[in-house]
Amino acid sequence: MRRFLLLSLLLALALRAAPARAQEGPVEYTVQPGDTLLLIAQRFDVPISLLAQANDLTDPNLIQVGRTLVIPDAAQARNATAPVSTVWGGERLRLLMDVSQAARAHLEAFGLGAASGLPGRAMPLLMRDAHLPQPFIRLDAPDAIVQGETGVVWITSLAPFTPTGAFQGRKLVFIGDGPSLLGYRFFALLPTGALDKPGLKKLMVHIGPATTEKNIEIEAGVYETQHIVLPPGKGGLLEPDKLKAERERLYALWRQVSGPPRWARPFRFPIAEGFPRTSPYGTRRSYNGGPVSSFHAGSDWGAPEGTPILAPAPGVIVLAEPLFVRGGAVIIDHGAGVYSNFWHMSQIDVKPGDEVRTGDQLGLVGTTGLSTGAHLHWEIRVNAVAVDPMQWTEETFP
Ligand SMILES: [Zn+2]
């Protein structure tokens, strides 16, 4: 009897969960002015992710007035078993959840959302999708990144949690890009160093209890190896303690993330055009016949002493002083954990706390610190990883 009651209760719940639809099979709907994907999903009592999936909507901007959408049968989708992996917009997403876990995640999101003062519209959306066959998480990331280059991963999810994740043993720093029609969007930069090992690397992203992952190929870059023999006289500059103290101070600074990006365009080149590149980013270095243990973290340009150095992008000055190894130094915080660094300067025209715009003068080229001639050393650090700055002059991140 007890079992029968339980069964009836479950049956009643299942019937209650079924949508009120007169029609059988798929229904079509023509997008009207003022419609959003969310409104249409609510009108037909269909999870927004299912609606997007059924119409292959990879971009919310793709719903145009007059377009015919297929309204999938939500009841059928609910009864279907959750696939372990699904092909979504040509991409392979592995979703490590079953139906009940998905429901729990969304309800948790709902609970958390109410507590953290999220916009009210997030709630019906999350409630409605609590019966999703799988959580709606979309991961966009490149298939391959060349050593030394910066990539980007985008996450779109119905849960307003900030994702966490890791790539090549480095923790990802996710930054919110606000809600969109398909859910909440976050991005993280994927910096790679010139000595990162080539091969397939797993990108893992977690949102609440959900995990999604993608394999990204690290491709070998073309970098020379320099064999540097240090003259005994320069040995004094390579005192390990002073070197280590300077490095640790800089790494502590580079690991800070002050907020969202302050830039909106590719970075401008920080000196006038036409000076020769004397040492590119990524050149591997072996000292006094030892193994390759480091690489050139920036790009060197042979400009004469006194050449003005200009801010490549907007930001805030976080360091402006002479350093032991790097000489006259200026560091700009561009937001999102991205820093421009200029070493060996002969003059510094800014101070910590200054806000700079693209093109503002930072100081002059010099040969201070561990340097053998006047040159500009420009280095970009992304979450403390030294990446090729030239890519940042060609592409807009994220
Ligand atoms: Zn250099």
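Residues numbered from 1 in each chain as written. Predicted model: local features only at pLDDT ≥ 70, side-chain atom pairs only at ≥ 80, totals over all residues.

Some details on the environment of asparagine 383
How we decide: Helix numbering and strand numbering both begin at the N terminus, where a helix is a DSSP run of H or I of at least 4 residues and a strand a DSSP run of E of at least 2. Partly exposed residues are those falling between the two cut-offs: more than 12 but fewer than 20 other C-beta atoms within 10 Å of their own, whereas 20 or more means buried and 12 or fewer means exposed, with C-beta atoms placed from the backbone. By the criterion used throughout, residues are in contact when their C-beta atoms, derived from the backbone, lie within 7 Å.
Here asparagine 383 shows up in the loop between strand S26 (376-382) and strand S27 (385-387). The class of asparagine 383 is buried, set by 22 C-beta atoms lying within 10 Å. Put simply, asparagine 383 and leucine 190 are 193 residues apart on the chain and 8.9 Å apart in space, counted from C-alpha to C-alpha. Excluding its chain neighbours within four sequence positions, the residues that come into contact with asparagine 383 are Arg170, Val173, Leu189, Pro191 and Gly337.

Some thoughts on the nonpolar core
Applicable threshold: Each nonpolar core consists of buried Ala, Val, Leu, Ile, Met, Phe, Trp, Tyr and Cys residues. Their C-beta atoms, within 7 Å, join them into a set. Domain start and stop positions are those given by an automatic or database domain assignment.
If you look at the biggest cluster of nonpolar residues, it comprises 62 residues, and the most contacted ones within it are Val153, Val330, Phe342 and Met345. Among the elements that line this core, the one with the most residues is strand S11 (residues 183-191), at six residues. Two domains each put at least three residues into this core: domain 2 (84-221) and domain 3 (225-394). For valine 153, the contacting residues outside a window of four places in its chain are Leu139, Asp140, Ala141, Phe187, Ala188, Leu190 and Leu203. Counting 11 residues, the second largest nonpolar core, distinct from the first, contains Leu37, Ala41, Ile71 and Leu182.

A look at the environment of phenylalanine 397
Inspection of the secondary structure assignment puts phenylalanine 397 in the segment after helix H8 (389-394). According to the C-beta neighbour criterion, phenylalanine 397 is partly exposed, with 18 such atoms within 10 Å. Residues phenylalanine 397 and phenylalanine 267 lie 130 residues apart in sequence; the distance between their C-alpha atoms is 9.7 Å. If near-sequence neighbours (up to four positions away) are discounted, phenylalanine 397 is found in contact with Thr150, Val152 and Leu189.

Quick look at the sheet that holds strand S25 (residues 361-364)
Short version of the rule: At least two DSSP bridges between two strands are needed for those strands to be called paired.
Across the sheet, which stays open at both edges, the three strands sit in the order S19-S25-S23 with antiparallel pairing between neighbours. With partners counted over all chains shown, the strands left at the sheet margins are strand S19 (308-310) and strand S23 (347-348), one partner each. By the bridge criterion, three bridges tie S19 to S25 in an arrangement that is antiparallel. Paired with proline 308 across the bridge in S25 is leucine 364.

Remarks on the sheet that holds S11
Across a sheet, paired strands are connected by hydrogen bonds in the backbone, their directions being either parallel or antiparallel. Basically, it comes down to this: Axis lines are fitted to C-alpha atoms, over the contacting stretch for helices. Their N-to-C directions set the angle, which ranges from 0 to 180 degrees.
Taken in spatial order, the four strands make up an open sheet running S5-S7-S11-S10, and their pairing is antiparallel. This sheet does not close on itself; its edge strands, each paired only once, are strand S5 (137-140) and strand S10 (175-180). Averaged over neighbouring strand pairs, the angle between their axes works out to 20° when direction is ignored. When strand S7 (residues 150-157) meets S11, the two strands line up antiparallel, connected through eight bridges. Its bridge partner lying in S11, valine 152 is registered against leucine 189.

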